[in-house]
Amino acid sequence: MHHKTFLLTALSLLMGAQAQAHVSLEQGEAVAGSYYKAVLRVGHGCDGAPTTQVTVTLPEGLRGAKPQPKEGWTLSIRKKALAQPYESHGKTIREDVSEISWTARDEAHYLQDGWYEEFVLRGGLPETAGPIWFKVHQRCTQGEWNWAELPTSGAGTAGLKSPAVRLMLKAPGGGEHTH
């Protein structure tokens, strides 16, 4: 029994270390059609160099995204025209947020390689269950990571060097709608 417990602990530590090698979400599952707070976790820089900018390309169908400001970082938002406008609080939305960037204002606010930070945004999720993907471009003082690789089929990211960040949408169960 002791040997089995040791192996499980070692395996979970290894998987935890591997998970820290990528950008990840605090909550990897959500209910389709609900509002969701995406907490993107960045656990390292670029081969030792500090991070100076994090840019998130939002999944198709994510509606009304709003970023959380971060002290010492400048926010910029890019919008694009929607192929399918939607109604929100009595207004027709014809363009929506497609990309959010946080850029460190100065060296004192760089995210050092040995540090951990979270970048937060909120928005309405698509109505259909299944995986959606956040593409994250991490720029550093030297080098960059483009966390944008998608699996050729399915939702697994095993074997991808720089996978996009997956959020798995579940079918609604209770029919609740919250903001």
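The structure this text deals with has already been given above.
Here the structure is a predicted model, which is why all the values come from computation and not from measurement. (Residues numbered from 1 in each chain as written. Predicted model: local features only at pLDDT ≥ 70, side-chain atom pairs only at ≥ 80, totals over all residues. Heavy atoms only, no water.)

As for the nonpolar core
Residues V56, L58, L121, F134 and L167 are the most contacted members of the largest nonpolar core, which totals 33 residues. Put simply, the parts of the chain that give this core at least two residues each are β3 (35-42), β4 (51-57), β7 (91-104), β8 (117-124), β9 (130-140), β10 (144-147) and β11 (165-170). With sequence-adjacent residues up to four places away left out, F134 is seen in contact with L25, A38, V56, T57, L58, P59, L62, L121, W147, A164, V165 and L167. (Core = buried A, V, L, I, M, F, W, Y, C linked by side-chain atoms within 4.5 Å. Buried < 20%, exposed > 50% of the residue type's maximum accessible area, 1.4 Å probe, protein only. Helix = DSSP H or I, 4+ residues; strand = E, 2+ residues; numbered from the N terminus. Contact = heavy atoms within 4.5 Å.)

Some thoughts on the pattern of salt bridges
For the coordinates displayed, the defined rule picks out 4 salt bridges. For K80, the salt bridge identified is with E60, shortest N-O distance 2.6 Å. Taken as a pair, K80 in strand β6 (residues 73-88) and E60 in the loop between β4 and β5 (63-67) lie far apart in primary sequence, 20 residues in all. Measuring nitrogen to oxygen at the nearest pair gives 3.2 Å for the salt bridge that ties E117 to K70. Of the two residues, E117 is situated in strand β8 and K70 in the loop between β5 and β6; the sequence distance between them amounts to 47 residues. (Salt bridge = Lys/Arg side-chain N within 4 Å of Asp/Glu carboxyl O.)

Here's the deal with the environment of E127
Checked against the element boundaries, E127 lands in the loop between β8 and β9. You can call E127 exposed: its relative accessible area is 62%. For E127 and A171, which are 44 residues apart along the polypeptide, the C-alpha to C-alpha distance reads 8.2 Å. Not counting residues up to four positions away in its chain, the partners in contact with E127 are A32 and G33.

Honestly, that's just the spatial picture; any functional story needs more than this.
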